[in-house]
Structure formats: C-alpha cells, structure tokens
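In case you want the letters, here they are:
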Amino acid sequence: MAKDVRIGFDVGGTFTDGVMLRGKEVLAKAKALTTDDVTTGIINALDVLLRTKKAEVSEISLVSLGTTHTTNAIIERKNLNKVGIFRLGAPATTAIPPLTGWPEDLKAAIGGAENIFIVRGGKEYDGRDVVPLDEEAIRSACAKIKGKVDSIAITGVFSPMIPDQEERTAEIIREELGDIPITLSNHIASISLLERENSTILNASVITVMRRAVEALKKAAKERGIEAPLFIVQNDGTVMSADYAVNYPIFTVASGPAASVRGAVYLSGIDNGVVVDIGGTSTDVAYIVNGFPRESSITVTIGGVKTNIRCPDLMSIALGGGTIVKTKGNEVIAHGPESVGYNLVRLGKSFGGPIITTHDIAVARGILDKKLDIFDTDFAPHIDKVKALDKDLVEAAYKMIKNTLEVAVDQMKTVAGNVKAIFVGGGALVVPRENLEGISEVVMPPHFEVCGAIGTTIAEIGAYAEGVADLEIEDRDAAINKVIEKAKDEAEKAGAIRDTVEVLDVEEIPFAYMPGKREKIRIRVKGKIFE
Amino acid sequence: MSVYDIIKRWGIKNYRVVDEQGLKEITLGASILATGGGGDPEIGFLWALNVVKERKDIVLIDPRDFPDDALAAIAGCLGAPVVLTEKPPNGKEVLWCLESLKRYLGKEIQAIIPPEAGGVNTPVPMAVAGAVGIPVVDADGMGRAFPELQMTSFYTHGIMPSPTAAANEKGAVTVADAASAIMAERIIRNAAMAYGGISWIAGYPMTGRQLKEAAIFNSISKSWELGKAVYKCRKTHDDPIENIVKIVGGYKVFKGKIVDINREFGAEKTKGFSMGRLTLEGLEEYRGEKAFVDFQNEWLRLEISGKVKCLAPDLILILDSETGEPIRTDIVKYGYRGSIVVVPADEKMRTDLGIETFGPKYFGYDEDYTPVEKLV
C-alpha cells in the first residue's frame, strides 16, 4: 500500500483543526476544541480524523502541525523553564545586563536575575578574542546553578560570525551539569546582541514545553499505529522536523498564522495578496509575497520582550465569530474586544443564548446561511431570536464589523489600490465579503475553514545561515557560496533532502563606518521533505 | 557634590529631569533627526534607562543658563553601528575618557553636551552625565547626525575637537591632540579600528561662552517634543508624518516604496563610508514619480523626478508612514514604505565653513549647496 497520506493540524484560540489529505485531495476534516494543554485538543482532532476510516493508518506518511504551545507558555508565563543565562562578553557589554527591559513577571517565571552570568569572553568582528574565554568562571557558575535551572542560554559577542566560544561554553557546561538542554544564540538569530540574547533565553525557557508536546504527540501517534515523521510549522511557513523543533521552539511562535498563509496560497493559487484568517476570537491579517508570508521589518515583541527572530508581518484584531456586540437599547456601542469563544453555542442569540455576537449579526444579515460540516451544531437553531433583532441595530453592527476589517486590510497593504483577499478560517462566513473597500475580490477557496491545517501539510523545510566576508581578501561569489552551503547544512539538519534545497534570498549588508570591504551575508533556503 | 548642588551654584532654577518615558521619547525623536544615521537606538536607551533606574538623575539645562566660564565636553561613540549593536559598552569607557581628559587638561568637565542628534549619541551622553552626576546641556553640535568628528557646528564656529579621548572596554585610552580637526578625526577613527570598530569618546572641551556661540540650541527638547508627538499619534492613530513636519518645520515631499538599494562597496575601501543610492517609487499622490536618495551613512542628497530636492547639511528624513519610525541606512530593506520629509538645517550649520565641512562637495557630489527652502 502506498504511503501517501498526510495529516495536518492547526491550533487556534478556540478550535484545533485537522485534515487528512492524499495528494491534493482532502479526505477528511476535523474540528476539536482547543484544550488548555493544547496537546489533548490535537489528539482529539486526530481521533476524529482516524474514525472517518478514509485511510489506513499505515498509509500515513507525515504528520504536521502549526501550534501555539510555545506562544501560550510565554504569554501566560506558564510551565517555563528556569534558565541559566550565560553571556560571553565581559569586560564589554556590562552596561546592559541580560533581561534588561523584560516584564517583571516573565523575569520571575524564568528564575530571575540570580542565574545570570556575564563571563569574560566574546569575539571582535574580525575574529580576534575580546578577551580569552574565562572557562573557570563558567565552571564556578555551573556549581552555583546546579539543580536550580532546567535549561541554559548562551550568547556570545559576535557569535553569529564566530561561534566557537559558544560551542566551547556548551561543552564545559555539559561536563559540569550533564545532559541539560542548551541553546546557543548563533543558532537562533543574527547580529544584535541584546535582541538575539532575548530570543535565545526565550527559546531556552520553552524547550521543556515543546519536548513534552512532541513526546506526547509521538506517543499518541504510535499508540494509534501511525509510523510517520512529525513536523512542525515555523514562523516563515516552512516546516522543521519535530526532533529539530524541540531544540528551537522559538521558531514556532507564529506557527499557526504562517501555516494559514501557506494554506491559503496552496488552496487559492494566489501568490500575492492578503490572507484574512477569521477564527472564533480573533482575525489574523497577513500579506503574501510570492507565496510566503511577508516578513516583519521591525523587532518582534513576544510576551513583552524584544527579539530579532524572523516572523511574518501579522496584524491580529479582535474579530471572530464569538466577538461580542455591545448594545444599549437598540444602539450599538462597541464590537469586542471580548469574545464568548467556544461558548458561542450556549451564549449566542442564534443558539438561544442572551448575547449578540458577530455570528448572530451574520445570520441576521443573511451572509451566514449554511452549516459547515466541521461544526457539530447547526448555524442557527434559534433563528427566530435572530430575526427578532432590531434592523437598524443589525445594520449598524454590520457596518462596524465591515469597517474593522477594511481598516486592518488597509494597514497591511504595501500597495495603494485594490488587492485580492483570501478569506479563510472557521469564521470566514461570519464577516462581510461584499463591497469591501480596498479589496478587489474576496476569494474563499474550497476547504477554507481548515486552511491552516492544510497549510501545515505542504511540507517544505526552511533554513537560513549567515556569515561575514572581507571582500578585499575573499572572492564575493565564493563567500556567498560558503554561506549557501551553511544554509543547506541547516536545511538538511532540519529534515530536507539536500538536492532539493533552493535559495530563497541572498542579502548583503556592509559594515558602515569602517574602511575595508567587509559585509554580512545572509541566505535563506527552502527544501523538500520528499523528492 | 550632586548635580543639584552644581546647578544650584550656577543659580539655575529651570531644568528638566528626564524620566523613563522621557528617555523613550527623546531617543525616538533623536533617531528621527538622525537622517538615517546615528545607529541602533536600543543600546543608548537601555543604558540610559539603567542609569535612571539606579536613581542617578539626568538633569537637562538650557544652554543659555550654562555659565560662561564653565567647561563642557561631548560624550558618545564613533565607529561602526553594527559593532555597537553587537558589542555594547560596559558603561565605564566614557568615564575613563573623561578622567583622561581631566588629567590632560588639568580641569574638571562640568557638563556634557551631545555631539549630535542620534539614537545613540543623544541618550548615551545623557546616561554618562547621569552616571557622573553633572548636567546635560540641551543642545548639540549638528541638530542631526554626521559621521565624522569635525562635522559639527562647534568646529565651524572655532572650537577644535582636540583634545578628544577614545577608549575601549578594556581601559585602553587614546588622546588625540592635533592642530588639524581632520587629523583628530583620523586618529580617533583609527583607534576605533584598533578597538574592533567602536571608539567611546569624550572631548571637544568648550567653555560656556564658546558653547553659546557654536552649539545648536534646544535640540534635546526638540527630540523630546518629536518623540512625544509620535508616541501620541500611535495611540490616537493620527498621522505621525504630519505632526513631525509641523514640529521640525519641514516639508513632506514624497511617499513611496523602496524598489532598489544599490550599495557601492568600493567607496567603503577608499573612504570608510557605507555609500549607495536608494530608489523609491511613488505611492498615492506621488504615483508615477521616482525618488533617488544618495547616502553615505546618512541620507545626504534627494532627487525627485529629475530635480534635486535636498542637499546636506539640510535634513532628509525617511520615516515609516504609519508608525513614524525612522528608516536608517544600516537597516533599510527592499520593499520598505516610507514618507520623505526634508528640513532646513539650523542656520549655524549653513555658514561658509559649514558648507565646506559637510556640504555636498565634501561628500563628493559635484553640486553647489542650495538651501532646501529654494528646492522644494
């Protein structure tokens, strides 16, 4: 029997979606409530898919997911590791110690300032030592944190160019503390010490969360007889193997939205435009450029911390099926930001409840007139309650919702004039779709309601690498090729077949204010998991 | 003696103490005035923030109140922005410079003045003054950013950069004392190279009398006002560009998208600059128009649809249209959308010696300087 069935999951704030595909054919769809631990929701969706018997478990070749494990843990400050923080850079850098500018509660959740060590070391841009690495200081720091921390974050000055001190530090820590998860900053992000350090520490803080999730999912798959590799979507919409992801959970913070952009491109065939992903509690607006989510150009703030990881440029607005319409008599006062979430089916007017939501306005306005087969409940079992709503109220709320959507799309646009918009997500039917300002056409591809889950199954591995070249000594092409090879190594490590790896982006950044021809080279690649 | 004792002795009653929010606003405002240069504001801001959190007050005084016979000096850094971003200071470098300067001059430095308006060289002098316990003079030497030591209104009004001390994080200190301002610049830049790309500096000693004649007045207050306005716009969703134009007395001349960044690597070798040219395609009411911006670490020359619209030392600001965040030469990327605002430089920057020192010809453009008011 051919092993050609792919399974994908997309974890949202309200629902976890699942899909089962063979080639381009969608065999089954599932929707389960997202659970507090996230993992149970995924397993529930998996069981719904398997119960459809649309494929044998032995046919499953890949399980892939876009998840919120990492993001939730950081935002809620829950289940975070205590992190031993090493910076290799004294006597430089000490004016701004690690965790400067972090929210106090997050600082406390990762063990606070007592596990911070700024060790003598670091590199100059040209490869000289700032000072030789103080190995003794690392060993004595280990003695202090032994048994007190769950993971380690190491950040060295200029390590993205010259990583050896970070690697040596990791070696020493392993000698002293044994098998403890260690994150090296040169694997996480590029030049800009403080933001890279923040990203590295955040990564170290969620390693256990990600490990547990991956272990639980692997176990659940195995128990169900599935023998297929597990992949996780990363922020740029490509995927990485779960075994790689457990060490780099920070690359999954925008996993869900990135997956839905990839899914929207895949389903609609549109390479440039706007993706509007409408859920139960919120809507994500993203921009697609040549089939991938546009990258954010500014520092990305996660849980109140500035980082320099690569993330899609996203705008999240409080607009979902369950978003509450606040009224006073027959007057609309506001729309959101609160949402009834999955309690929509108890509290919404359409379901006989007391609260007016986006969903109810859509029913009243006639734009929502069918049940999607992934939902258990009919879209309006108490349609009489909706019909009883005041017409002016419905119209005012509809206009408010339409305006919210138009403003969000407009803010994300890079070009004046109208763009194509792809509406996806379980809430796609509850928002206005006609005569939207700034939008030339609203496309709702088949399976739009599980778009994110489909996006996870496209299965392209992404990776990137950086290097520094002195063009006075080195040949430019040779220098670029060296970094391309490094990026291909990274892609291969993440699960790609080397021969299929192609270069997405070559970026050269000269060092300003310095005589000479030194520049930074940054390469982004993607490769296939299957030939 | 605390900073408050000092200003009391000088009889100063009107002063401003900079708090965390103020620092944030000043740093943003100064980055806007930095015309694409000035480096990553995060470092300067966080450093100054730590100083404030240690309850070392940063006290801002008006240049008019600074006594004629008191001595002020600049503090900050000079060199490669990327090195600064990757290798922040330990905070003592500039203090070591000040100590050397004091030994060299046999006199105390009684106040700090920022050399330029920039994301780094505005908050850093403030941090240094706070750490030392002396006031900051609400003024600077450019009202914008330029890369070289002699490119200040101080120099063009007769104040020499020498002596200037340059230190690294290990306590190595170089004191440049040269009759020629350009030679002082060369010495300090070479020290930066030896230090790994950045020199932390203090120097340009000047008396209150000299400062009042040469400095650009109230540039920190202007940065503060700018930053405050932009943060407010972000909250109220008002147009930040419109507000910036109003505060700086400039002109909005373009809105567009960056479609090409052509960097000239050769220039770095011969001049030690990051040089190049941006091409922007117009958006909205500027649709169909094309803008070119030449840069050498800062935006220096603007041409729109074949006509020169602004030349250094007048200011060219490229700002994110929605957030008002300045787009810098070291982080500019293909696809960025920005509004271009041009601003007349302070009159003190427009003297004959000024135009010779930082006008178009110094930067290698074969053009005579024409004030921006006549070009827009």
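Residues numbered from 1 in each chain as written. Chains lettered and ligands numbered in written order. Predicted model: local features only at pLDDT ≥ 70, side-chain atom pairs only at ≥ 80, totals over all residues. Heavy atoms only, no water.

Undergrad: Go over unusual backbone geometry, please, and point to the residues and values.
TA: Across residues other than glycine, the phi torsion is negative in most instances, and most of the peptide bonds are trans. The amide bond that connects Gly336(A) to the next residue, Pro337(A), takes the cis arrangement and shows omega of 5 degrees. Looking at where Pro337(A) falls in the secondary structure, it is placed in strand S18 (residues 331-339). Note that the residue after Ser162(B), namely Pro163(B), is joined by a cis bond; omega there is -10 degrees. With respect to the secondary-structure elements, Pro163(B) resides in the loop between helix H7 (153-156) and strand S7 (164-167). One non-glycine residue, Arg77(A), lies in the positive phi region at around 55 degrees. When you line up the elements, Arg77(A) lands in the loop between helix H2 (69-76) and strand S5 (83-90). Of note, the phi angle at Asn218(B) is positive, near 55 degrees, even though the residue is not glycine. Along the chain, the position of Asn218(B) falls in the loop between strand S10 (216-217) and helix H10 (219-236). (Helix = DSSP H or I, 4+ residues; strand = E, 2+ residues; numbered from the N terminus.)

Undergrad: So what about the environment of Gly467(A)? Which residues, and what values?
TA: Residue and element names in this part refer to chain A. Among the structural elements, Gly467 can be located in strand S21 (residues 460-470). Residues Gly467 and Asn435, spaced 32 residues apart in sequence, show a C-alpha to C-alpha distance of 49 Å. Residue contacts for Gly467: discarding those within four places in its chain leaves Val483, Glu519, Lys520 and Ile521. (Contact = heavy atoms within 4.5 Å.)

Undergrad: Which residues make up the side chain of Ser185(A), and what values go with them?
TA: Position of Ser185(A) relative to the elements: it lies in the loop between strand S8 (182-184) and helix H6 (193-205). In terms of polar contacts, Ser185(A) uses its side chain to reach the side chain of Glu166(A), at 2.5 Å. (Polar contact = N/O pair within 3.5 Å; in protein donor to acceptor, adjacent residues only side chain to side chain.)

Undergrad: Can you explain empty space enclosed by the protein? Please cite residues and give values.
TA: Residues and elements named next belong to chain B. Taken as a whole, this structure holds seven cavities of 30 Å³ or more when the rule is applied. Space inside the largest cavity adds up to approximately 270 Å³. When contributions to the lining of the largest cavity are tallied by element, the ones reaching two or more residues are strand S3 (71-79), helix H4 (81-86) and strand S9 (198-207). Top element by residues in the lining of the largest cavity is S3. It accounts for four residues. Broken down by class, the residue content of the lining of the largest cavity amounts to 16 nonpolar, five polar and three charged. (1 Å grid on protein atoms, 1.4 Å probe; cavity = no way out; pocket = protein on both sides within 12 Å on 5 of 7 lines; lining within 4 Å. Points joined across faces, edges and corners; volume = space filled by probe spheres on them. Nonpolar A, V, L, I, M, F, W, Y, C, P; charged D, E, K, R; others polar.)

Undergrad: Describe in detail the sheet that holds strand S6 (residues 116-120) of chain A, supporting the description with residues and values.
TA: Residue and element names in this part refer to chain A. If you walk across this open sheet you meet the four strands as S6-S5-S7-S8, and the pairing is parallel. Strands at the two margins of the open sheet, each flanked by one partner only, are S6 and S8. Put simply, the sheet's adjacent strands are angled 20 degrees from each other on average, direction ignored. Examined bridge by bridge, S5 and S6 share five bridges and lie parallel to one another. (Pairing = 2+ DSSP bridges. Axes fitted to C-alpha atoms, helices over the stretch in contact; angles between N-to-C directions.)

Undergrad: With reference to specific residues and values, describe the packing of aromatic side chains.
TA: Residues and elements named next belong to chain B. Under the definition given, this model contains 13 aromatic pairs over all chains. Seen in terms of ring centroids, Phe154 and Tyr204 are 5.5 Å apart; in terms of plane orientation they differ by 65 degrees. Their pairing is edge-to-face. Taken as a pair, Phe154 in helix H7 and Tyr204 in strand S9 lie far apart in primary sequence, 50 residues in all. Tyr204 matches Phe154 in its accessibility class, with the two residues each being buried. Directly above the aromatic system of Trp224 lies the positively charged group of Arg16, at a separation of 4.0 Å from the ring centroid. We note Arg144 situated over the ring of Phe146; from NZ or CZ to the ring centre the distance is 4.0 Å. (Phe/Tyr/Trp six-rings, centres within 6.5 Å; stacked < 30°, edge-to-face > 60°. Buried < 20%, exposed > 50% of the residue type's maximum accessible area, 1.4 Å probe, protein only. Lys NZ or Arg CZ within 6 Å of the ring centre and 35° of its normal.)

Undergrad: Residue-level account of the interface of chain B and chain A, with values.
TA: The interface is formed by 46 residues belonging to chain B together with 49 residues belonging to chain A. Taking both partners together, chain B and chain A bury about 4,000 Å²; carbon and sulfur atoms supply 61% of that area. Between chain B and chain A we count three salt bridges in total. The shortest N-O distance in the salt bridge between Glu86(B) and Arg196(A) comes to 2.6 Å. Of all the secondary structure elements, the ones that give two or more residues to the side of chain B that touches chain A are helix H3 (41-53), H4, helix H8 (181-195), strand S11 (251-264) and helix H12 (265-271) of chain B. In terms of residue class, the side of chain B that touches chain A is built from 16 nonpolar, twelve polar and 18 charged. (Buried area = accessible area lost by both parts, 1.4 Å probe. Salt bridge = Lys/Arg side-chain N within 4 Å of Asp/Glu carboxyl O.)

Undergrad: Can you lay out a nonpolar patch on the surface for me, pointing to particular residues and giving the numbers?
TA: Judged by side-chain polarity, Tyr104(B), Val173(B) and Val175(B) come together as a nonpolar surface patch covering roughly 230 Å² of accessible area. Mapped onto the elements of the fold, Tyr104(B) is located in helix H5 (residues 93-105). (Patch = residues over 30% accessible without salt bridge, like charges linked within 9 Å, V, L, I, M, F, W, Y side chains within 5 Å. Areas by Shrake-Rupley, 256 points an atom, 1.4 Å probe, with all protein chains shown as cover.)

Undergrad: Lay out the domain arrangement of chain B in plain terms, naming residues and giving numbers.
TA: Many analyses report the size of an interface as the accessible area lost when the parts associate. Residue and element names in this part refer to chain B. Here chain B is described as being made up of domain 1 (3-217) and domain 2 (240-375). Listed as interface residues are 35 residues of domain 1 and, on the opposing side, 31 residues of domain 2. Taken over both partners, the interface formed by domain 1 and domain 2 buries close to 2,400 Å², and the fraction arising from carbon and sulfur atoms is 66%. Linking domain 1 to domain 2 there are seven residue pairs in polar contact (both at pLDDT 80 or more). Elements with a contribution of two residues or more to the side of domain 1 that touches domain 2: helix H2 (20-33), H7, helix H9 (208-214) and S10. (Domains from an automatic or database assignment.)

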